[in-house]
Amino acid sequence: MLFSPYQLKGITLKNRIVMAPMCTYSCMTEDGKVAPWHLVHYGSRAIGQPGMIIVEATAVTPRGRISVNDLGLWDDSQISGMQELVATIHSENCVAAVQLNHAGRKAVVGEPGLAPSPLAFSTDYPRPEELNIDQIETIIGQFQAAARRAKSAGFDVIELHGAHGYLLNQFLSPLTNRRTDEYGSTPEKRFRLLAQITEAVQAVWDGPLMVRLSVEEYHSEGNGPDETAYNVECLQALGVDMIDCSSGGVHPARVPHYPGYQVPYAERFRREFGIATGAVGLIISPLHAEEILQNGRADLVLLGRELLRNPNWPIYAARELGAEIKIPRQYQRGW
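Each value, and the rule that gives it
Residues numbered from 1 in each chain as written. Predicted model: local features only at pLDDT ≥ 70, side-chain atom pairs only at ≥ 80, totals over all residues. Heavy atoms only, no water. Helix = DSSP H or I, 4+ residues; strand = E, 2+ residues; numbered from the N terminus. Rg over C-alpha atoms; globule rule 2.2 N^0.38 Å. Buried < 20%, exposed > 50% of the residue type's maximum accessible area, 1.4 Å probe, protein only. Areas by Shrake-Rupley, 256 points an atom, 1.4 Å probe, with all protein chains shown as cover. Lys, Arg positive; Asp, Glu negative; His and termini not counted. Charge placed at Lys NZ, Arg CZ, Asp CG, Glu CD. 1 Å grid on protein atoms, 1.4 Å probe; cavity = no way out; pocket = protein on both sides within 12 Å on 5 of 7 lines; lining within 4 Å. Points joined across faces, edges and corners; volume = space filled by probe spheres on them. Contact = heavy atoms within 4.5 Å. Pairing = 2+ DSSP bridges. Core = buried A, V, L, I, M, F, W, Y, C linked by side-chain atoms within 4.5 Å. Polar contact = N/O pair within 3.5 Å; in protein donor to acceptor, adjacent residues only side chain to side chain. Right-handed = clockwise from strand over helix to strand, strands pointing away. Axes fitted to C-alpha atoms, helices over the stretch in contact; angles between N-to-C directions. Parallel < 35°, antiparallel > 145°, perpendicular 65-115°, else oblique. Left-handed = near helix turned anticlockwise from the far one by under 90°. Nonpolar A, V, L, I, M, F, W, Y, C, P; charged D, E, K, R; others polar. Expected span 1.5 Å × (residues − 1). Bend = angle between axes of the 7 residues up to and from the residue.

Caption draft 1: Focus on the overall build of the protein. A count of helices and strands for the protein gives 10 helices and 13 strands. Against the 2.2 N^0.38 benchmark of 20 Å for 335 residues, the protein shows a C-alpha radius of gyration of 19 Å, consistent with a compact globule. Its C-alpha atoms put the protein at 60 × 45 × 35 Å along the principal axes. When each of the 335 residues of the protein is scored for burial, the buried share is 60%. On the protein, roughly 13200 Å² of surface is accessible, and the fraction owed to carbon and sulfur atoms is 49%. Distance between charge centroids for the protein: 4 Å, based on 30 positive and 37 negative side chains.

In structure tokens form, the structure reads like this:
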């Protein structure tokens, strides 16, 4: 089943293996533009034959970068490099996705971050500036403009980064959102910004839309699977096509991790709401990936660090599972 095609709102993935978005902090010119390194990095993974590659967290505004070395889609001058990157991924019949992000209080760009409330992530971060309504409306527009540029670049799929303690996650979490206006104090109000950004993106984007969520925040006063279920239900009502189920990052926490530790989140929401889900989290073994799919625990399997270690993991997995897979002509004699 790992090597069966999958339809995501009219887009066909040749298999169920997805490269998860992973920051590489490799825009050394600090302009958010694609560099030769990105073409080599993502191109080599495409040659390894996953069904989809999600390009790393891509900033919608310079102040929303995790670091000054992040990729960006905040300016039209960044489109041409992204077009080249998409063409590189497409050259191996691989679906190209991009994760749009605003780092919020976790931005390290030489000035305080922007956040729902003026609470620093840790003593290593400056106290962020609390967003006012005008600034929130500006950020909604920045996500929409970045989605428009993603479309111009030729991406097939967009993922909104609502996880790992970045801005959208900060609004969703009672740990970081202490507002008493229309953007805080209740689950409905904390969800408002993500809803507005989702709708703004959908106004300019008709392709598949994914949202990554931190389902578990590892804090007694934070969101867990029960609280996140509300957000998932609302996203499904808005027409979001898939939930990418991750965890952590909202506050400094020791995360207990083991192979498949986040898979139960994808399984729960898929069964409870019937929404498509992606499972991620130390999925290393092809047999484990196959088990997740065969037992209906998720629709797609996302691999992160395993694909950093082994860009050809899909080819090895196909051999282990006895599946047919294309091996690029230039590398066939190596197999």
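Caption draft 2: Looking closely at the layout of surface pockets. Looking at the largest pocket, its volume works out to about 1000 Å³. Taken together, 40 residues form the lining of the largest pocket, with His-164, Arg-212, Ser-246, Tyr-261 and Arg-305 sitting closest to its centre. Mapped onto the lining of the largest pocket, the elements with two or more residues apiece are β4 (52-59), β13 (300-303) and α9 (305-309). Per-element tally for the lining of the largest pocket: the top contributor is α9, with three residues.

Caption draft 3: Here's a closer look at helix α7 (residues 263-273). Within α7 the residues assigned to the buried category are Val-263, Tyr-265, Ala-266, Glu-267, Phe-269 and Phe-273. Buried residues along α7 sit in contact with α6 (225-237), β11 (242-246), β12 (276-280) and α8 (286-294). One or two positions beyond α7, positive phi appears at Gly-274, with a value near 75°.

Caption draft 4: Examining unusual backbone geometry more closely. The phi torsion at Gln-49 lies on the positive side, around 80°, for a residue other than glycine. Along the chain, the position of Gln-49 falls in the loop between α1 (36-47) and β4. Accessibility expressed as a relative area gives 2% for Gln-49, which makes it buried. For Tyr-218, which is not a glycine, the phi torsion comes out positive at approximately 55°. Along the chain, Tyr-218 turns up in the loop between β10 (209-214) and α6. On the basis of relative accessible area, Tyr-218 is assigned to the partly exposed category, the value being 21%.

Caption draft 5: Geometry of the pairing of strand β9 (residues 157-162). With six of six residues buried, β9 lies mostly within the body of the structure. Taking every second residue as pointing to the same face, both faces of β9 are buried, with Val-157, Glu-159 and His-161 on one and Ile-158, Leu-160 and Gly-162 on the other. Summarising the sheet, strand β6 (residues 95-101) and β9 pair through four bridges and their orientation is parallel. Within the sheet, the bridge partner assigned to Leu-100 lies in β9 and is Leu-160. In terms of strand pairing, β9 meets β10 through five bridges, oriented parallel. Paired with Glu-159 across the strands is Met-210, a residue of β10.

Caption draft 6: Main features of the nonpolar core. The biggest cluster of nonpolar side chains holds 80 residues, and the ones touching the most others in it are Leu-100, Ile-158 and Leu-160. Residue contributions to this core peak at eight residues, all from helix α3 (residues 133-153). Apart from residues lying up to four places away in sequence, Leu-100 is in contact with Thr-58, Val-60, Leu-73, Phe-143, Ala-146, Ala-147, Ile-158, Glu-159, Leu-160 and His-161. If you look at the next biggest cluster of nonpolar residues, it comprises 16 residues, including Val-18, Met-52, Met-242 and Leu-302.

Caption draft 7: Structural context of the side chain of Thr-58. Among the structural elements, Thr-58 can be located in strand β4. A distance of 2.8 Å separates the side chain of Thr-58 from the backbone oxygen of Glu-56, its partner in a polar contact. Other than its neighbours up to four places away in sequence, Thr-58 contacts Leu-71, Gly-72, Leu-73, Met-82, Val-98, Gln-99, Leu-100 and Asn-101.

Caption draft 8: Structural view of the pairing of β10. Burial within β10 is extensive, with six of its six residues counted as buried. For the handedness criterion, the β-α-β arrangement of β10, α6 and β11 is classed as right-handed.

Caption draft 9: Representation of the packing of α6 against α7 in the model. One way to put it is that α6 packs onto α7 with a least axis distance of 11 Å and a crossing angle of 50°. Here α6 lies oblique to α7, going by the angle between them. As α6 packs across α7, the resulting crossing turns out to be right-handed. Packed against α6, whose contacting residues are Pro-225, Asp-226, Thr-228, Ala-229, Val-232, Glu-233 and Gln-236, the element α7 presents Tyr-265, Arg-268, Phe-269, Glu-272 and Phe-273 at the interface. Here the residues of the contact of α6 with α7 sort into six nonpolar, two polar and four charged.

Caption draft 10: Spatial organisation of helix α5 (residues 187-202). The end-to-end C-alpha distance of α5 is 22 Å, a good match for the 22 Å that 16 residues give at a rise of 1.5 Å each. Helix geometry: α5 is bent most strongly at Leu-193, by close to 35°. Listed in full, the buried residues belonging to α5 are Arg-190, Phe-191, Leu-193, Leu-194, Ala-195, Ile-197, Thr-198, Ala-200 and Val-201. Contacts made by the buried residues of α5 are with α3, β9, α4 (167-172), β10 and α6.

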